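Here is how the chains run, residue by residue.
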Amino acid sequence: MSVLVLSLAVSAACCLGFGFVLQQNAAQQAPLSDFLSPRLLLDLVKVPRWLGGLGLMVTGMILGAFALGRGEISLVEPLLATNLLFALALSRRQTRQPLGGQGWTGLVLLAGGVTAFIVAGRPHGGSVVTDPLRHWLIIGVMVGAALALTAYAKRSRLSWGPVLLAVAAGLLYGVQDALTRVSGQRLSAGGWAELFTGWQPYGLLVIGATGLILVQSAFETAPLRMSLPALTAAEPLAGIACGVGFLGDRLRTDTGALAWEASGLAAIVTGIVLLGLHPAMPPGRTAPASRRDLQPR
């Protein structure tokens, strides 16, 4: 593994984790009437804390884009999933909750799962699949699943809705990571003209904006411990599926390696859930917020 890719991916995870906590701190005060509406973003841009969290998230995405440009998506995605460790660190500082057995177990499982998957799978580049049907099939499945989850979440807004929205956003962010890598390859191959003659950068904008609305709606209606684990678990799984499916990423496929890769992914998801459910994670709204709550302080 390149030290540069490792540094970029972990730095991106740090920015993303801190940014998610700051965004949720602000979004939980948003009026529920803004649920799944672009108005939510218009209200949140008035809140300095949310803008700070957004800035950190954008910085994390830029660093992640550089990591994706220099390493396989199947390598970078598990490293980006460690953003939950940084989110928990900031949340612990805010809530002053001890890490405890649950926190340490989640930390070991997440870190160990990432290590096991990378060591066993040895992600490396291969031949990019040129068949557009395969591209659109995989992307269509991810986007279609995200739309279905969002539609169901609208009917269960304050129960399972936030979890479903977070999973939907994670699927979209996994596709976004894949399109980021493709856009970087087009830019390197033919410059800006090559980049903007393809559909990928425009798809990035649409998916990014949609994912942001879904995430903020999830943050608005539930504690971070409900939404962030689902988001953090879904994104690497979707990204790895895109990487192996059509970006040419290769993993070891012998029986032993596949067993360790599956175990690593299972440990990552379990660790994410344990950390996300930790009492240190910020609580959600306790009462419906009014529009006045969003005024800058």
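One can find the structure itself at the top, above this paragraph.
Our subject in this report is the structure included herewith. Computed from a prediction, not measured in an experiment: that's the story for all the values here.

Topic: the packing of aromatic side chains
(1) Moving on: Enumeration according to the criterion identifies four aromatic pairs in this entry.
(2) Moving on: On the numbers, 6.2 Å between centres and 90° between planes, the contact of phenylalanine 18 with phenylalanine 86 is edge-to-face. Of this pair, phenylalanine 18 sits in helix H1 (residues 3–27) while phenylalanine 86 is found in helix H5 (residues 83–95), placing the two residues 68 residues apart along the sequence.
(3) Moving on: Residue classification places phenylalanine 18 among the partly exposed residues on the basis of a relative accessible area of 28%.
(4) Moving on: Judged by centre distance (6.0 Å) and plane angle (15°), the rings of tryptophan 192 and phenylalanine 196 are stacked. With tryptophan 192 and phenylalanine 196 both in helix H8 (residues 161–196) and four residues apart, the pair spans about one turn of that helix.
(5) Moving on: Owing to a relative accessible area of 43%, phenylalanine 196 belongs among the partly exposed residues under this scheme.

Brief notes about empty space enclosed by the protein
(1) Moving on: Summed over the entire model, instances satisfying the criterion amount to one cavity of 30 Å³ or more.
(2) Moving on: Taken as a whole, the largest cavity spans an internal volume of roughly 40 Å³.
(3) Moving on: If you trace the largest cavity, you find it lined by Pro78, Ala233, Pro236, Leu237, Ile240, Leu265, Ile268 and Val269.
(4) Moving on: Elements represented by at least two residues in the lining of the largest cavity include exactly helix H10 (224–246) and helix H11 (255–276).
(5) Moving on: By residue number, the principal contributor to the lining of the largest cavity is H10, which donates four residues.
(6) Moving on: When grouped by side-chain class, the residues that make up the lining of the largest cavity number eight nonpolar, no polar and no charged.

Structural notes on unusual backbone geometry
(1) Moving on: Positioned with a positive phi, arginine 122 is a non-glycine residue whose angle comes to about 45°.
(2) Moving on: Tracing the chain through its elements places arginine 122 in the loop between helix H6 (100–121) and helix H7 (132–155).

With respect to the side chain of threonine 150
(1) Moving on: Along the chain, threonine 150 falls in helix H7.
(2) Moving on: Under the relative-accessibility criterion, threonine 150 is labelled buried at 14%.
(3) Moving on: Engagement of the side chain of threonine 150 in a polar contact is seen with the backbone oxygen of alanine 146, the distance being 2.8 Å.

Considering the layout of surface pockets
By rolling a water-sized probe across the atoms, one finds the places where empty space is left.
(1) Moving on: Size it by volume and the largest pocket reaches roughly 930 Å³.
(2) Moving on: Lining the largest pocket we find 34 residues, and of these Met61, Ile62, Ala65, Thr180 and Leu204 sit closest to its centre.
(3) Moving on: Elements with a contribution of two residues or more to the lining of the largest pocket: H1, helix H3 (48–70), H8 and helix H9 (200–221).
(4) Moving on: In terms of residue count, H8 provides more of the lining of the largest pocket than any other element does, 12 residues in total.
(5) Moving on: The residue inventory of the lining of the largest pocket, partitioned by class, reads 19 nonpolar, 11 polar and four charged.

Considering the state of the cysteines
(1) Moving on: Tallied over the entire structure, the rule returns zero disulfides.
(2) Moving on: With no disulfide of its own, cysteine 14 has cysteine 15 as its nearest cysteine by sulfur position, at a separation of 5.5 Å.

Comments concerning the packing of helix H4 (residues 73–80) against H6
For any two helices packed against each other, one specifies the crossing angle of their axes together with the interaxial distance.
(1) Moving on: At a minimum axis separation of 9 Å, H4 and H6 run at an interaxial angle of 170°. The orientation of H4 with respect to H6, classified from their angle, is roughly antiparallel. Counting all contacts with H4, which are made through Ser74, Leu75, Pro78 and Leu79, the residues of H6 involved are Val114, Phe117 and Ile118.
(2) Moving on: Taken together, the residues that form the contact of H4 with H6 break down as six nonpolar, one polar and no charged.

Conventions we followed
- Residues numbered from 1 in each chain as written.
- Predicted model: local features only at pLDDT ≥ 70, side-chain atom pairs only at ≥ 80, totals over all residues.
- Heavy atoms only, no water.
- Phe/Tyr/Trp six-rings, centres within 6.5 Å; stacked < 30°, edge-to-face > 60°.
- Helix = DSSP H or I, 4+ residues; strand = E, 2+ residues; numbered from the N terminus.
- Buried < 20%, exposed > 50% of the residue type's maximum accessible area, 1.4 Å probe, protein only.
- 1 Å grid on protein atoms, 1.4 Å probe; cavity = no way out; pocket = protein on both sides within 12 Å on 5 of 7 lines; lining within 4 Å.
- Points joined across faces, edges and corners; volume = space filled by probe spheres on them.
- Nonpolar A, V, L, I, M, F, W, Y, C, P; charged D, E, K, R; others polar.
- Polar contact = N/O pair within 3.5 Å; in protein donor to acceptor, adjacent residues only side chain to side chain.
- Disulfide = S-S within 2.5 Å.
- Axes fitted to C-alpha atoms, helices over the stretch in contact; angles between N-to-C directions.
- Parallel < 35°, antiparallel > 145°, perpendicular 65-115°, else oblique.
- Contact = heavy atoms within 4.5 Å.

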